[in-house]
Amino acid sequence: MWLYFLKRLGLAVAVVAIVIAALFAMIHAIPGDPARVALGPRASEELVAAFRERIGLDQPILVQMGNFYVSLLRGDLGRDAVSGEPVLRILLSQLPDTLYLVLGSILVAVVPGVFLGTLAARHRGSLIDRVTSVISVSVMSIPAFVIAIYLLLIFSIELQWFPAIGAGEGVLDRLHRLVLPSLALGLAWIGYVARILRASILEEMNEPHVRTARAFGLSENRIMYDYVLRIAILPTITVLGIGVGHMLSGAVFAEIVFARPGIGKLVFDAIISRNYPVVTGAVLLTTIFFVLVNLLADLVIAWLDPRVRHDLAG
Amino acid sequence: MTLPADAETASRTDAGGRPRRRASSFARLVSDPLGALGLGLIVLTVIGALLAGVTGQDATALNPIDRFQGPSAAHWLGTDNLGRDLFTRVLAGARIALTLSIGATALALVIGVIAGLIAGYGPRWLDNLLLLVFDAMKSVPTVMLALVLVTMTGPSLYAVLLVVVIVNAPAYGRMARTQTLAIRSSEFIEAERSLGAKGGRIMFRHVLPNIIGPILIVAAMDIPVVVGIEAGMSFLGLGVRPPTPSWGSILYDGFSYLRESPWPVIAGGLPIIVTTLGFTFLGEALRDTFDPKIAGRK
């Protein structure tokens, strides 16, 4: 297990390093001199040269790249090109709103997803199974931003049940305003959760310990909730782990449509205003988050399934 | 001697055996109600795309006096904030959505499969390197990747194409690699090698036909995702540039004037839903029909 853990960790670090290198290359591929972009067209040649020296642009490219890695390791993601504030601080100030949204979306995905998945598995092959399967596939395929706009149109503008913009003040107001964005972002994952849960319940039902429980005369409900679901839910957790990464990036749409503060809105605004340090910082943060969550998911799988770790360690 | 068995395996995929199997599979595909529905929705979209330009209206013609109109005989889906006919724009958008999603998926497929074949058939170090590249490409969240790329290249169709290739190619690459590894030491490949066939010939003439089936199905199932990526990027102003109509940009224009009229948003969103559902239903049915191995995993 330790060998597997180390290998997997090394792989994750390598992946992040490659992404950073690609990001660095991209920043340098952007046309125009960053110093001139930062100082504006009226800056004198001396000023531009001094600025280049100050932020290290006059050094060889490999040294610049090395410096880039070192400052990242220190948690320094650079400074906002407009306000001069550290990018990390800006990102962390926006992170909670996005995390609430992701949390809400997980709730939206899990509660109906587990219900539908269990229902489908218990009535395997029946009409109920078929209908849940169609519902799962349908919600999985419709893009989240289309759902977001339709929800806004129906529930905020036509019915006026929910406010259309902002994150709100106070707990109740915040929760109220979280409903539609969470629905938009989480709806697709109802399908993923229901599907994977159905499959793993059906697999688990054939296990000897479940048959034994049945032979002892335990009720079907008891078998489902005390024996089957406890184990069958594990792959679902893994899928949700991956889902968190996707939701974090999909939050861009929900935050724009519902005019909520958050990482997604921040990046989008930063792109419009060509505020590159904020863009790269946010991309890096979400990528690292994504890689970490995937690593965690893989480790959980390996912990549950020895075959996987032997394949990789061998 | 296991040669006869291998010959049989090979003959299952050769040209002679195909037509009969394909005909019965098609019948099975449309006998699945979901598959038939999916096919119907796609045919509807394709007809829409083919009809683009024959409604007698210009998708970019401005007519501010008629703006924000509801559906009528003259404007089947109403008009947008600039008085443009939404039905005409939706049809023109269908053409862009279909060409781009199928084209981009095909490009990602070609690049991914070639890289995967090389990873699976080539030396170990190259395999490890390519795997690392696949992993790195897959680990950047799609929306973030799109945002960064567009910051560099500016919004365009090519940016969408690039995003789709980076997002989807690694999955095809990984599949191709795994399958190649599985058959690279089988006897019919060994036989080819001992007859003096070169690496390229073995990869493309012998390995490729044996591994491409499941990858094609996965690619078909990715098309709705790509339709979503194109629409999403155009919605954010990162894809197709105005005044070219894309479903995403129709949606964005409608979203900006949501309080004036719901019709632009309805007109922009419905075709996205119809197309993604169509491709997803068809993809599911395709998978169930052609690849029971993948189907068993669901």
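Conventions we followed
Residues numbered from 1 in each chain as written. Chains lettered and ligands numbered in written order. Predicted model: local features only at pLDDT ≥ 70, side-chain atom pairs only at ≥ 80, totals over all residues. Heavy atoms only, no water. Helix = DSSP H or I, 4+ residues; strand = E, 2+ residues; numbered from the N terminus. Buried < 20%, exposed > 50% of the residue type's maximum accessible area, 1.4 Å probe, protein only. Contact = heavy atoms within 4.5 Å. Areas by Shrake-Rupley, 256 points an atom, 1.4 Å probe, with all protein chains shown as cover. Buried area = accessible area lost by both parts, 1.4 Å probe. Salt bridge = Lys/Arg side-chain N within 4 Å of Asp/Glu carboxyl O. Polar contact = N/O pair within 3.5 Å; in protein donor to acceptor, adjacent residues only side chain to side chain. Nonpolar A, V, L, I, M, F, W, Y, C, P; charged D, E, K, R; others polar. UniProt positions renumbered as here; feature names shortened; annotations may be inferred. Patch = residues over 30% accessible without salt bridge, like charges linked within 9 Å, V, L, I, M, F, W, Y side chains within 5 Å. Domains from an automatic or database assignment. Axes fitted to C-alpha atoms, helices over the stretch in contact; angles between N-to-C directions. Parallel < 35°, antiparallel > 145°, perpendicular 65-115°, else oblique. Left-handed = near helix turned anticlockwise from the far one by under 90°. Core = buried A, V, L, I, M, F, W, Y, C linked by side-chain atoms within 4.5 Å.

Concerning the overall build of chain A
Okay, step 1: The secondary structure content of chain A amounts to 13 helices and zero strands.
Okay, step 2: Taken from the N to the C terminus, the helices and strands of chain A come in the order α-α-α-α-α-α-α-α-α-α-α-α-α.
Okay, step 3: A buried classification covers 46% of the 314 residues belonging to chain A.
Okay, step 4: Within chain A, contacts between residues at least 6 apart in sequence are counted, and of these 72% link residues at least 24 apart.
Okay, step 5: Summing over all exposed atoms, chain A offers an accessible surface of approximately 16,100 Å²; the carbon and sulfur share of this is 67%.

Structural notes on the interface of chain B and chain A
Okay, step 1: Between chain B and chain A, the residue contacts involve 42 residues of the former and 46 residues of the latter.
Okay, step 2: Counting each side, the surface lost to burial between chain B and chain A is near 4,000 Å², with a carbon and sulfur contribution of 80%.
Okay, step 3: Linking chain B to chain A there are one salt bridge.
Okay, step 4: Notably, a salt bridge pairs Glu284 of chain B with Arg195 of chain A, separated by 2.5 Å at the nearest N-O pair.
Okay, step 5: Between the two partners, chain B and chain A, sit four residue pairs in polar contact (both at pLDDT 80 or more).
Okay, step 6: Ranked by the residues each element gives to the side of chain B that touches chain A, the list is headed by helix 11 (residues 263-290) of chain B, at 12 residues.
Okay, step 7: Looking at side-chain class alone, the side of chain B that touches chain A contains 26 nonpolar, eight polar and eight charged residues.

Re the side chain of Ser101 of chain B
Residues and elements named next belong to chain B.
Okay, step 1: Considering the arrangement of structural elements, one finds Ser101 in helix 4 (residues 86-121).
Okay, step 2: Overall, the relative accessible area of 1% leaves Ser101 in the buried class.
Okay, step 3: For Ser101, the side chain forms a polar contact with the main-chain oxygen of Leu98, separated by 3.3 Å.
Okay, step 4: With residues near it in sequence (within four places) discarded, Ser101 still touches Ile96, Ile223, Val226 and Val227.

Examining the UniProt feature "transmembrane region" (unreviewed entry) in chain B
All names here are of chain B.
Okay, step 1: UniProt's feature table lists "transmembrane region" (unreviewed entry) at residues 34-54, 96-122, 142-167, 207-229 and 263-283, given in the numbering used throughout.
Okay, step 2: Secondary structure across residues 96-122 comprises 96% helix and 0% strand; the distance between its end C-alpha atoms is 38 Å.
Okay, step 3: The straight-line gap between the two end C-alpha atoms of residues 207-229 is 31 Å; of that span, 100% is helix and 0% is strand.

Overview of the environment of Gly173 of chain B
Residues and elements named next belong to chain B.
Okay, step 1: With respect to the helices, strands and loops of the structure, Gly173 is situated in helix 7 (residues 157-183).
Okay, step 2: Residues Gly173 and Ile215, 42 residues apart in the sequence, show an inter-C-alpha distance of 9.2 Å.
Okay, step 3: The contact partners of Gly173, leaving out residues within four places of it in the chain, are Gly112, Gly116 and Phe134.

Structural notes on a nonpolar patch on the surface
All names here are of chain B.
Okay, step 1: A cluster of nonpolar residues, Val43, Ile47, Leu51 and Val54, forms a patch on the protein surface that exposes about 340 Å² of accessible area.
Okay, step 2: Relative to the elements of secondary structure, Val54 occurs in the loop between helix 3 (33-51) and helix 4.
Okay, step 3: Taking the relative accessible area as the measure of exposure, Val54 reaches 56% and is therefore exposed.

As for the domain arrangement of chain A
All names here are of chain A.
Okay, step 1: Assigned domains within chain A: domain 1 (2-73) and domain 2 (96-307).
Okay, step 2: Placing the centre of domain 1 and that of domain 2 at their C-alpha centroids yields a distance of 35 Å.
Okay, step 3: If you look at the interface, domain 1 gives 13 residues, while domain 2 gives 12 residues.
Okay, step 4: The largest share of the area that domain 1 buries against domain 2 comes from Tyr4, Arg8 and Leu23, three residues that together contribute 37% of it.
Okay, step 5: At the junction of domain 1 and domain 2, the tally comes to zero residue pairs in polar contact (both at pLDDT 80 or more).
Okay, step 6: In terms of residues, the side of domain 1 that touches domain 2 owes the most to one element, helix 1 (residues 2-29), which gives 11 residues.
Okay, step 7: Across the side of domain 1 that touches domain 2, the residue classes tally to 12 nonpolar, no polar and one charged.

Some points on the packing of helix 9 (residues 199-235) of chain B against helix 11 of chain B
Residues and elements named next belong to chain B.
Okay, step 1: Running from N to C, helix 9 and helix 11 cross one another at 170 degrees; their axes reach a closest spacing of 8 Å. Judged on the interaxial angle alone, helix 11 and helix 9 are roughly antiparallel. Crossing angle aside, the handedness with which helix 9 passes helix 11 is left-handed. Note on element contacts: helix 11 touches helix 9 through Ile272, Thr275, Thr276, Phe279, Thr280, Gly283, Glu284, Leu286, Arg287 and Phe290, opposite Ile217, Ala220, Met221, Ile223, Pro224, Val227 and Ala231.
Okay, step 2: Of the residues that constitute the contact of helix 9 with helix 11, the class distribution is 11 nonpolar, four polar and two charged.

Let's talk about the side chain of Asp222 of chain B
Okay, step 1: Considering the arrangement of structural elements, one finds Asp222 of chain B in helix 9.
Okay, step 2: When neighbours within four sequence positions are excluded, Asp222 of chain B is seen to be in contact with Asn168 and Tyr172 of chain B.

Here's the deal with the UniProt feature "domain: ABC transmembrane type-1" (unreviewed entry) in chain B
Okay, step 1: Residues annotated by UniProt as "domain: ABC transmembrane type-1" (unreviewed entry) correspond here to residues 94-283 of chain B.
Okay, step 2: Secondary structure across residues 94-283 of chain B comprises 83% helix and 0% strand; the distance between its end C-alpha atoms is 19 Å.

Regarding the UniProt feature "domain: ABC transmembrane type-1" (unreviewed entry) in chain A
Okay, step 1: With numbering matched to this structure, UniProt assigns "domain: ABC transmembrane type-1" (unreviewed entry) to residues 95-297 of chain A.
Okay, step 2: Spanning residues 95-297 of chain A, this segment combines 84% helix with 0% strand, and its end C-alpha atoms are found 22 Å apart.

Considerations on the nonpolar core
Okay, step 1: Core analysis: the largest hydrophobic core is formed by 105 residues, its most contacted members being Leu147, Met233, Phe235 and Leu236 of chain B.
Okay, step 2: Both domain 1 (2-73) and domain 2 (96-307) of chain A contribute no fewer than three residues apiece to this core.
Okay, step 3: Every residue in contact with Met233 of chain B, bar those within four places of it in the chain, is listed here: Ala146, Val150, Ala159, Val160, Val163, Leu238 and Gly239 of chain B.
Okay, step 4: If you look at the next biggest cluster of nonpolar residues, it comprises 18 residues, including Leu117, Ile189, Val207 and Ala219 of chain B.

A closer look at the UniProt feature "transmembrane region" (unreviewed entry) in chain A
Residue and element names in this part refer to chain A.
Okay, step 1: UniProt records the feature "transmembrane region" (unreviewed entry) for residues 99-121, 133-155, 175-197, 231-258 and 278-304 in the present numbering.
Okay, step 2: Annotated as 100% helix and 0% strand, the span residues 99-121 places its first and last C-alpha atoms 32 Å apart.
Okay, step 3: Between the first and last C-alpha atoms of residues 133-155 the distance is 26 Å; the span itself is 91% helix and 0% strand.

Looking at unusual backbone geometry
All names here are of chain A.
Okay, step 1: For Ala259, which is not glycine, the phi dihedral falls at a positive 45 degrees.
Okay, step 2: By secondary structure assignment, the location of Ala259 is in the loop between helix 10 (220-257) and helix 11 (263-272).
Okay, step 3: Look at Ala259 and you get partly exposed, because its relative accessible area is 30%.

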